[in-house]
Amino acid sequence: MIPPMLGMLLVGIGLSNIPEVKEWTVLDAQISSDLKTIALMVILMKGGLSLDIMEIKRVGFAVIRLAFLPCFVEATVFAILSVLLLKLPWIWGFLLGFVIAAVTPAIIVPCLIELKKRRFKIEENNITTMLISASSFDDVVAISAYMVCLSSAWSELLDFVEMG
């Protein structure tokens, strides 16, 4: 059986590359942005509704470490790779890294919710609660860091334009 997310991804890639389909599925940029925001909200709300607040308080510092550390490591690795392989400037490499880091909860949260429903043995240590709350917080960190990098990139570009 094919995982639902992989199926949706393959159908989306397939449909977006068929010229006839592209003609009658044109979305306004604002509508597309709104749909992406709604999808992010649904993923984070599904994760948030499956959390136990007492367990989050019990493992609070671990959640913070699991939110910050993977986000910045992912962003740094992708920044280094994009600078070395794609010859992008560092700031654009970090932009790419934080975009990819923001996608991670969309993959982790549905999988963890499914594991929680199936009552795997991982629930005895409340690993799912810790990872779901960390991935939701990770998304906030990634989006915030992306916006900081984006404003820095634009300020550098504007300084360059004013000098030239």
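About the cut-offs
Residues numbered from 1 in each chain as written. Predicted model: local features only at pLDDT ≥ 70, side-chain atom pairs only at ≥ 80, totals over all residues. Heavy atoms only, no water. Helix = DSSP H or I, 4+ residues; strand = E, 2+ residues; numbered from the N terminus. Buried < 20%, exposed > 50% of the residue type's maximum accessible area, 1.4 Å probe, protein only. Contact = heavy atoms within 4.5 Å. Areas by Shrake-Rupley, 256 points an atom, 1.4 Å probe, with all protein chains shown as cover. Core = buried A, V, L, I, M, F, W, Y, C linked by side-chain atoms within 4.5 Å. Patch = residues over 30% accessible without salt bridge, like charges linked within 9 Å, V, L, I, M, F, W, Y side chains within 5 Å. Salt bridge = Lys/Arg side-chain N within 4 Å of Asp/Glu carboxyl O.

A. Fine view of the overall build of the chain. Broken down by element type, the chain carries seven helices and zero strands. Listed by position from the N terminus, the elements making up the chain come as α-α-α-α-α-α-α. Within the chain, buried positions represent 26% of all 164 residues. Nonlocal contacts in the chain, meaning residues at least 24 apart in sequence, comprise 71% of its contacts between residues at least 6 apart. As displayed, the chain offers around 11,400 Å² of accessible surface, 74% of which is attributable to carbon and sulfur atoms.

B. Seen up close, the nonpolar core. If you look at the biggest cluster of nonpolar residues, it comprises 12 residues: C71, A75, I91, L95, F98, A101, A102, V141, A142, A145, C149 and A153. Where this core is concerned, the elements lending two or more residues are α5 (60-86), α6 (90-117) and α7 (127-163). When residues no more than four places from it in sequence are discounted, the contact partners of C149 are I91, F94, L95 and F98. Within the second largest apolar cluster, five residues are counted, among which are V59, A62, V63 and M130.

C. Quick look at a nonpolar patch on the surface. A surface patch of nonpolar side chains, about 1,100 Å² in accessible area, is lined by L69, V73, V77, I80, L81, L84, L85, L86, L88, W90, W92 and L96. Elements that contribute at least two residues to the nonpolar patch include exactly α5 and α6. Sort the elements by how many residues they give to the nonpolar patch and α5 lands first, with eight residues. Within the element layout of this structure, L88 appears in the loop between α5 and α6. You can call L88 partly exposed: its relative accessible area is 30%.

D. Structural detail: the environment of S144. By the element assignment, S144 lies in helix α7. Separated by 42 residues in the primary sequence, S144 and A102 place their C-alpha atoms 9.8 Å from one another.

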